[in-house]
Amino acid sequence: MGSYTANQMILDSQKTAKAISIVGHPLLFGNAYVIFMSFKNLDRNTAILVSLLVILLVAVPIIWHNWKKMKKGEYSNFDVSDQKQRMGFYPFAISLFVVLLMAFWVLKFPEEVIRQTLVFFVMVLTMALANLKIKASMHAGIAFYIVVNVFEIGPLPGILALIFALAISWSRRKMNRHNNTELVLGSLVGSIFGGIGLIV
């Protein structure tokens, strides 16, 4: 009976970790953040356009790309958790952000939008370069990037975002997608670029 309870607890913690990892996925949590901040800081029409462009030019292509590669067996999972497999993912993701930046520039979006997108682009580029040696956690990176910016809204939202970011990091460790070093590196990179985004 005790063994069954222990096994059940392990199974439940794995399910919890998976659920947190899904909700905290950069494509979900990151896009939710973009939409929220867009409507908070921009006029309605611009916020709608920014949100749509981010979803259509970045999120949807990445979802399609990762799903296609996973079905072909080229990616072991949707998160592209294998370091060697990320070697091929990062150039694709970076090219999408270049297209997004060009679209924002051509459409003459506010300078703040372009600056923040450029900061995020450089963060992704930094993680791509780091991936040559170590697989920094994108889940943790984007989560802590968001935490730093949410703290500017207020201490309570910031603390709640921090708790969720820590939960995301725990979930990635629990699922054996990252080791502690990879999670710490991702968290540091995200926090640093989140801070840069506040001062540029």
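Everything discussed here concerns the structure shown above.
Only a predicted model underlies this, so the values are computations on that prediction, with no experimental measurement involved. (Residues numbered from 1 in each chain as written. Predicted model: local features only at pLDDT ≥ 70, side-chain atom pairs only at ≥ 80, totals over all residues. Heavy atoms only, no water.)

> Explanation requested: the overall build of the chain in the structure shown.
Counting its regular elements, the chain contains eight helices and zero strands. For 200 residues, the compact-globule estimate of 2.2 N^0.38 gives 16 Å, and the chain sits close to it at 17 Å. The principal-axis extent of the C-alpha atoms belonging to the chain is close to 65 × 45 × 30 Å. Long-range pairs, those at least 24 residues apart, make up 69% of the contacts in the chain with a sequence separation of at least 6. With an accessible surface of roughly 10800 Å², the chain has 71% of that area assigned to carbon and sulfur atoms. (Helix = DSSP H or I, 4+ residues; strand = E, 2+ residues; numbered from the N terminus. Rg over C-alpha atoms; globule rule 2.2 N^0.38 Å. Contact = heavy atoms within 4.5 Å. Areas by Shrake-Rupley, 256 points an atom, 1.4 Å probe, with all protein chains shown as cover.)

> Is there a simple way to explain the pattern of salt bridges in this structure?
A side chain of one charge can pair with a side chain of the opposite charge if their charged atoms are brought near each other. All chains considered together, the criterion is met by five salt bridges. Where Arg177 meets Asp79, a salt bridge forms, and the shortest distance between an N and an O atom there is 2.9 Å. Highlighted residues: Arg177 in the loop between α7 (155-174) and α8 (180-199) and Asp79 in the loop between α3 (44-72) and α4 (83-106), separated in sequence by 98 residues. Take Arg177: its relative accessible area is 21%, and that puts it in the partly exposed class. Asp79 sits in the buried class, given a relative accessible area of 17%. Here Arg115 ties to Glu112 by a salt bridge, and the two come within 2.7 Å at their closest N and O atoms. With Arg115 and Glu112 both in helix α5 (residues 111-130) and three residues apart, this pair spans about one turn of that helix. On the basis of relative accessible area, Glu112 is assigned to the partly exposed category, the value being 38%. Residues participating in the shared-partner salt-bridge network are Asp79, Arg172 and Arg177. (Salt bridge = Lys/Arg side-chain N within 4 Å of Asp/Glu carboxyl O. Buried < 20%, exposed > 50% of the residue type's maximum accessible area, 1.4 Å probe, protein only.)

> Looking at this structure, I do not really get α5. What am I missing?
An α-helical turn contains 3.6 residues, so a residue and the one three or four places further along point in the same direction. Relative to the 28 Å expected for 20 residues at 1.5 Å per residue, α5 spans 28 Å between its end C-alpha atoms, a close match to the ideal helical length. Every buried residue belonging to α5 is among Val113, Gln116, Thr117, Val119, Phe120, Phe121, Met123, Val124, Met127 and Ala128, and all of these are buried. Of the surrounding elements, those touching the buried residues of α5 are α3, α4, α6 (138-151) and α8. (Expected span 1.5 Å × (residues − 1).)

> I'm lost on the packing of helix α2 (residues 26-41) against α6 in this one. Help?
Helix packing for two helices is described by the angle between their axes and how far apart those axes are. The interhelical angle for the contact between α2 and α6, taken along N-to-C directions, is 20°, at an axis separation of 10 Å. Considering their axes alone, α2 and α6 lie roughly parallel with respect to each other. Of the two possible hands of crossing, α2 and α6 adopt the one that is left-handed. Contacts between α2 and α6 involve Pro26, Phe29, Gly30 and Tyr33 from the first element and Met138, His139, Ile142, Ala143, Tyr145, Ile146, Asn149 and Val150 from the second. Looking at the contact of α2 with α6 residue by residue, the classes come out as nine nonpolar, three polar and no charged. (Axes fitted to C-alpha atoms, helices over the stretch in contact; angles between N-to-C directions. Parallel < 35°, antiparallel > 145°, perpendicular 65-115°, else oblique. Left-handed = near helix turned anticlockwise from the far one by under 90°. Nonpolar A, V, L, I, M, F, W, Y, C, P; charged D, E, K, R; others polar.)

> What should I look at first to understand the environment of Ile55 in this one?
Here Ile55 shows up in helix α3. On a C-alpha basis, the gap between Ile55 and Val34 in space is 9.6 Å, while along the polypeptide they are 21 residues apart. Apart from the residues lying within four places of it in its own chain, the contact partners of Ile55 are Asn31, Ile35, Val60 and Pro61.

> Sorry, what's going on with unusual backbone geometry here?
What is expected of a backbone is that most residues other than glycine have negative phi and most peptide bonds are trans. Phi is positive for Val80, close to 55°, though the residue is something other than glycine. Tracing the sequence through the fold places Val80 in the loop between α3 and α4. The class for Val80 is buried, based on a relative accessible area of 1%.

> Please explain the nonpolar core as it appears in this structure.
As a rule of thumb, nonpolar side chains are buried together in soluble globular proteins. Counting 47 residues, the largest nonpolar core has Phe104 and Tyr145 as its most contacted members. Contributions of two or more residues to this core are made by α2, α3, α4, α5, α6, α7 and α8. Looking at this core element by element, the count peaks at nine residues for α4. With sequence-adjacent residues up to four places away left out, Tyr145 is seen in contact with Tyr33, Gln116, Val119, Phe120, Met123, Gly190, Ser191, Phe193 and Gly194. (Core = buried A, V, L, I, M, F, W, Y, C linked by side-chain atoms within 4.5 Å.)

> What is the right way to read α6 from this model?
Over its 14 residues, α6 extends 20 Å from the first C-alpha to the last, a length consistent with the 20 Å expected when each residue adds 1.5 Å. α6 sits mainly inside the fold: twelve of its 14 residues count as buried. Taken together, the buried positions of α6 are occupied by Met138, His139, Ala140, Gly141, Ile142, Ala143, Phe144, Tyr145, Ile146, Val147, Asn149 and Val150. Between the side-chain oxygen at the start of α6 and the backbone nitrogen of His139 there is a gap of 3.5 Å, and the oxygen is on Ser137. (Polar contact = N/O pair within 3.5 Å; in protein donor to acceptor, adjacent residues only side chain to side chain.)

Treat this as a map of the structure, not an account of what it does.
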